[in-house]
Amino acid sequence: NDTFLTNTMVLGCEWINENEFAVNSRIGLMIYSRDFVPKAIFNKKTGLPDESISQFYVDRENNIWITHNDGCSMISYDVPAVVYTDQTGFSGSLEMMLFTNDTTYVATTEGVYQTTSSMATGQPLSFSRIPMVRTEVWDIYNAGSALLFSSSQGLYEYRNNQATAVTRWYTN
């Protein structure tokens, strides 16, 4: 007995990949498995500015774009943590994300942040700033034994929890 389908005004439904479909409604967007098992809901409680989802579209990178009364939002559904709020712990506009070795790295207009909590706990992820990188960062490259951060103040290498400037020239 699915209360989302029975207690809401369904506005649409569409496959988002070969194994999941989404239902948009006046109370949010629900993701279901092929056999109608609810997998995730997106609404005001999970961080959307509005939960009346009039339409949605899945782009070629599997991001879900939704339209609602407050405009448009993008859900990065294939990213391990899908909702980030002001309380998450990073500041600035999101430029890039990288998930490697059970850690999520976030490049923003104000620096680079890494997760300080594990997704395995079931708690929302929290982030802390990587010291020494306090500038706009556009890209994170996994070079195996180190990460490289491309920024407005040069290229940084991050190894063993230490960031070191490689160059001081603008890199993008």
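The coordinates are above.
## What about the overall build of the protein?
A count of helices and strands for the protein gives one helix and 15 strands. When the 172 residues of the protein are sorted by exposure, 39% land in the buried category. Looking at the protein alone, contacts between residues at least 24 apart form 28% of all its contacts between residues at least 6 apart. Counting only carbon and sulfur atoms, one obtains 48% of the accessible surface of the protein, whose full area is about 10,100 Å².

## Digging into the environment of Cys13
One can find Cys13 in strand β1 (residues 10-15). Sequence separation between Cys13 and Met30 is 17 residues; the distance between their C-alpha atoms is 9.5 Å. Once residues lying within four places of it in the same chain are set aside, the contact partners of Cys13 are Phe21, Ala22, Val23, Asn24 and Phe56.

## Quick look at the packing of aromatic side chains
Using the criterion set out here, one finds eight aromatic pairs in the structure. One aromatic cluster is present, formed by Trp15, Phe21, Tyr32 and Phe36 through successive ring pairs.

## Comments concerning the environment of Thr103
You can see Thr103 is positioned in strand β9 (residues 103-108). Each C-alpha atom, one on Thr103 and one on Phe127, is 10.0 Å from the other, the two residues being 24 residues apart in sequence. Among all residues touching Thr103, those that are not within four sequence positions of it are Leu98, Gln114 and Thr115.

## A closer look at the sheet that holds strand β11 (residues 127-129)
Here we have four strands laid out as an open sheet, ordered β8-β9-β10-β11, and antiparallel in their pairing. The open sheet terminates on both sides in strands that have one partner only, identified here as β8 (94-100) and β11. Within the sheet, the average angular offset between the axes of one strand and its neighbour, ignoring direction, is 25 degrees. Bridging between β8 and β9 involves six bridges; their strand directions are antiparallel.

## Remarks on the pairing of strand β7 (residues 71-75)
Sheet topology places strand β6 (residues 64-68) next to β7; five bridges connect them, and they run antiparallel. Within β7, the residue paired with Ile64 across the bridge is Ile75. Between β6 and β7, which follow one another and run antiparallel, lie two residues.

## A look at the pattern of salt bridges
Side chains that differ in charge, positive against negative, can pair when their charged atoms come close. With the rule as written, the count across this model stands at two salt bridges. Across the pair Glu20 and Lys39 runs a salt bridge, and its minimum N-O distance is 2.8 Å. A residue pair is termed long-range when its members are at least 10 positions apart, and Glu20 in strand β2 (residues 20-25) and Lys39 in strand β4 (residues 38-42) qualify at 19 residues. With its nearest N and O atoms 2.7 Å apart, the salt bridge here joins Arg159 to Glu157. Of the residues examined, Glu157 reaches a relative accessible area of 26% and is grouped as partly exposed.

## Quick word on the sheet that holds β2
If you trace the four strands from one edge of the open sheet to the other, you get β1-β2-β3-β4, paired in antiparallel fashion. The open sheet is flanked by β1 and β4, the only strands paired with a single partner. Sheet twist, expressed as the mean angle between neighbouring strand axes with direction ignored, is 20 degrees. Sheet analysis places β2 next to strand β3 (residues 28-33), joined by six bridges and oriented antiparallel. Along β3, the bridge assignment pairs Ala22 with Ile31.

Reading guide: rules and limits
- Residues numbered from 1 in each chain as written.
- Predicted model: local features only at pLDDT ≥ 70, side-chain atom pairs only at ≥ 80, totals over all residues.
- Heavy atoms only, no water.
- Helix = DSSP H or I, 4+ residues; strand = E, 2+ residues; numbered from the N terminus.
- Buried < 20%, exposed > 50% of the residue type's maximum accessible area, 1.4 Å probe, protein only.
- Contact = heavy atoms within 4.5 Å.
- Areas by Shrake-Rupley, 256 points an atom, 1.4 Å probe, with all protein chains shown as cover.
- Phe/Tyr/Trp six-rings, centres within 6.5 Å; stacked < 30°, edge-to-face > 60°.
- Pairing = 2+ DSSP bridges.
- Axes fitted to C-alpha atoms, helices over the stretch in contact; angles between N-to-C directions.
- Salt bridge = Lys/Arg side-chain N within 4 Å of Asp/Glu carboxyl O.

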